[in-house]
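Structural features, examined
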Amino acid sequence: MVAADKIEVKSLLLGELQEELHKLGEPFYRARQIVDWLYKKRVNSFDEMTDLSRDLRAHLANQFAFGKINVVRVLGSHDTTRKFLFRLSDGNLIESVLIPASPALYGGSSDRRTICISTQVGCAYGCKFCASGLEGFSRNLGSNEIIDQIIAIENASGEKIDNIVFMGMGEPLANLSNMMRAIRIINAPWALGIGARHITVSTSGLAPQIKKLADEPLQIRLAISLHAATDEVRNQIMPINRKYNMETLLSACDYYAARRKQRLTFEYILIADVNDSDEQAHLLARHARRLSAKVNLIPYNTVEGLPWSRPSRNRQEKFLSILRAHKIPATLRREKGHDIDAACGQLRLRSKREVEAGVL
Ligand code: SAH
Ligand code: SF4
């Protein structure tokens with residue numbers, strides 16, 4: 001939130017901005033004018049806020065930072081998944097993905113434009129199948145950098161985003177306070193006005209933070225990256241499981257589910273010969289029943305440099321049929337264009353190498 005000692009203006013809630021303006025002897029309604037410039041008219045500097053006095057604009061520029069993120073590259077076309085690579089003020093690269101109207105993957109209605117956004121540069125959790133973890137962790141994103149991904153994509157695409165998934169780079173719950181602040185602003189009618197039910201946070205299983213999130217009043221949705229049904233299998237692919245094992249994670253989920261009307265989602269990547277056995281499917285069904293969760297099965301997307309592969313089509317369908325036989329609501333992602341997770345982490349990694357090699 002702080003860049004060179006200045007508070008980022010796009011990290012402030014309306015009440016906080018009113019307070020700051022009050023200190024400057026300005027009336028409360030000035031804060032409204034400023035948030036309109038930020039989130040409705042989408043200007044890029046205080047100087048463009050022409051209904052404020054010159055003095056006030058100069059004062060604001062002195063007091064607050066106005067961070068920017070720049071589009072470095074866009075991959076994909078209008079009707080398909082588009083990946084955006086951004087450069088942050090400090091030169092770090094992050095990515096976000098715009099998914100056009102697609103089947104309701106996370107409980108929203110089907111005609112929504114969804115974006116998948118990042119919360120950190122890199123990731124410290126090192127899941128064995130994931131590109132984001134490969135180069136380790138650099139830093140948390142500020143709330144303004146989280147929000148700017150949405151604004152930049154709306155500006156670049158000319159499309160209004162109505163669904164947000166926190167499934168880009170990083171572990172959202174390891175950056176909980178910046179993420180929650182960003183979500184309040186994304187949700188606020190004076191800013192982006194996206195409904196809480198259209199916001200999904202995905203976590204690899206930070207049990208204590210899941211409980212904290214459960215105590216938040218906003219009715220956002222939660223997805224758990226489960227990817228295994230036993231400690232034995234989960235330990236092999238997700239180091240976090242050694243800190244918070246399955247039972248610790250599932251009981252944090254019990255706590256969450258008891259406080260929410262919305263169902264939880266279990267995400268389950270199918271990786272050949274690792275987690276795709278019938279036995280895992282039966283046990284997964286048991287966990288899903290315990291939590292009244294639904295299951296999203298995602299065939300593994302290969303990552304350069306990693307040894308894993310996706311199971312055969314038959315194996316994927318068999319795994320799905322076992323869940324269905326247990327009457328668990330489950331989907332299997334089939335369309336190529338919608339494999340949003342293919343994007344998560346991979347674009348940045350490739351582009352970063354190209355930047356280093358002088359290609360970009
Ligand atoms: N850190 C959070 C959110 C970002 S990852 C989490 O782990 O939930 C978003 C989703 O992409 C997770 O479910 C993650 O397991 C999945 N994912 C990562 N690499 C993948 C790959 N190669 N193929 C398919 N899904 C992948
Ligand atoms: Fe991090 Fe999530 Fe990737 Fe695991 S799956 S390394 S937690 S981004």
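These lines cover the structure that appears in this document, whether it is placed above or below. (Residues numbered from 1 in each chain as written. Chains lettered and ligands numbered in written order. Predicted model: local features only at pLDDT ≥ 70, side-chain atom pairs only at ≥ 80, totals over all residues. Heavy atoms only, no water.)

Overview of the site of ligand 1
Close to ligand 1 lie 19 residues, the nearest being Gly170, Ser202, Ser225, His227 and Asn301. Here a nitrogen atom of ligand 1 sits 2.9 Å away from a polar atom, N or O, in the main chain of Gly170. A distance of 3.5 Å separates an oxygen atom of ligand 1 from a polar backbone atom of Thr203. Look at ligand 1: alone it shows 530 Å² of surface, and the protein chains cover 96% of it. Taken atom by atom, the bulk of ligand 1 overlaps the largest cavity. (Near = heavy atom within 4 Å. Polar contact = N/O pair within 3.5 Å; in protein donor to acceptor, adjacent residues only side chain to side chain. Areas by Shrake-Rupley, 256 points an atom, 1.4 Å probe, with all protein chains shown as cover. 1 Å grid on protein atoms, 1.4 Å probe; cavity = no way out; pocket = protein on both sides within 12 Å on 5 of 7 lines; lining within 4 Å. Sits in = over half its atoms within 2 Å of the grid points.)

Some thoughts on the side chain of Arg82
Along the chain, Arg82 falls in strand 5 (residues 82-87). A polar contact of 3.0 Å, which involves the side chain of Arg82, links it to the side chain of Glu159. (Helix = DSSP H or I, 4+ residues; strand = E, 2+ residues; numbered from the N terminus.)

Quick notes on the nonpolar core
Note that soluble globular proteins tend to have their nonpolar side chains buried in a common cluster. Among the nonpolar cores identified, the biggest contains 105 residues, and Tyr39, Ile164, Phe166, Phe266 and Val295 are the most heavily contacted of them. Sort the elements by how many residues they give to this core and helix 5 (residues 176-187) lands first, with seven residues. Those residues in contact with Phe266 that lie beyond four places of it in its chain are Ile224, Leu226, Leu250, Leu284, His287, Ala288, Leu291, Ala293, Lys294, Val295 and Asn296. Val97, Ile99, Met167 and Ala223 belong to the second-largest nonpolar core, a separate cluster that totals six residues. (Core = buried A, V, L, I, M, F, W, Y, C linked by side-chain atoms within 4.5 Å. Buried < 20%, exposed > 50% of the residue type's maximum accessible area, 1.4 Å probe, protein only. Contact = heavy atoms within 4.5 Å.)

What about the packing of helix 9 (residues 246-258) against helix 10 (residues 278-291)?
Relative orientation of the contacting elements helix 9 and helix 10 amounts to 30°, with a least axis distance of 9 Å. What the angle tells us is that helix 9 and helix 10 run roughly parallel. Each of Met246, Glu247, Leu250, Ser251, Cys253, Asp254 and Ala257 in helix 9 lies in contact with helix 10, whose residues at this interface are His287, Arg290 and Leu291. For the contact of helix 9 with helix 10, the residue count by class is five nonpolar, two polar and three charged. (Axes fitted to C-alpha atoms, helices over the stretch in contact; angles between N-to-C directions. Parallel < 35°, antiparallel > 145°, perpendicular 65-115°, else oblique. Nonpolar A, V, L, I, M, F, W, Y, C, P; charged D, E, K, R; others polar.)

Regarding the sheet that holds strand 15 (residues 330-332)
With mixed pairing, ten strands are arranged side by side in an open sheet as 4-5-6-7-10-11-12-13-14-15. The sheet terminates laterally at strand 4 (70-75) and strand 15, the two strands that pair on one side only. If you compare each strand with its neighbour and ignore which way they point, the axes differ by 20° on average. The sheet contact formed by strand 4 and strand 5 spans five bridges and is antiparallel. Residue pairing in the sheet places Val74 in a bridge with Phe84 of strand 5. Packed onto the sheet, helix 10 meets strand 13 (265-270) and strand 14 (294-299) and runs at close to 165° relative to strand 13. Docked against the sheet, helix 11 (residues 313-325) engages strand 13, strand 14 and strand 15, running at close to 170° with respect to strand 15. (Pairing = 2+ DSSP bridges.)

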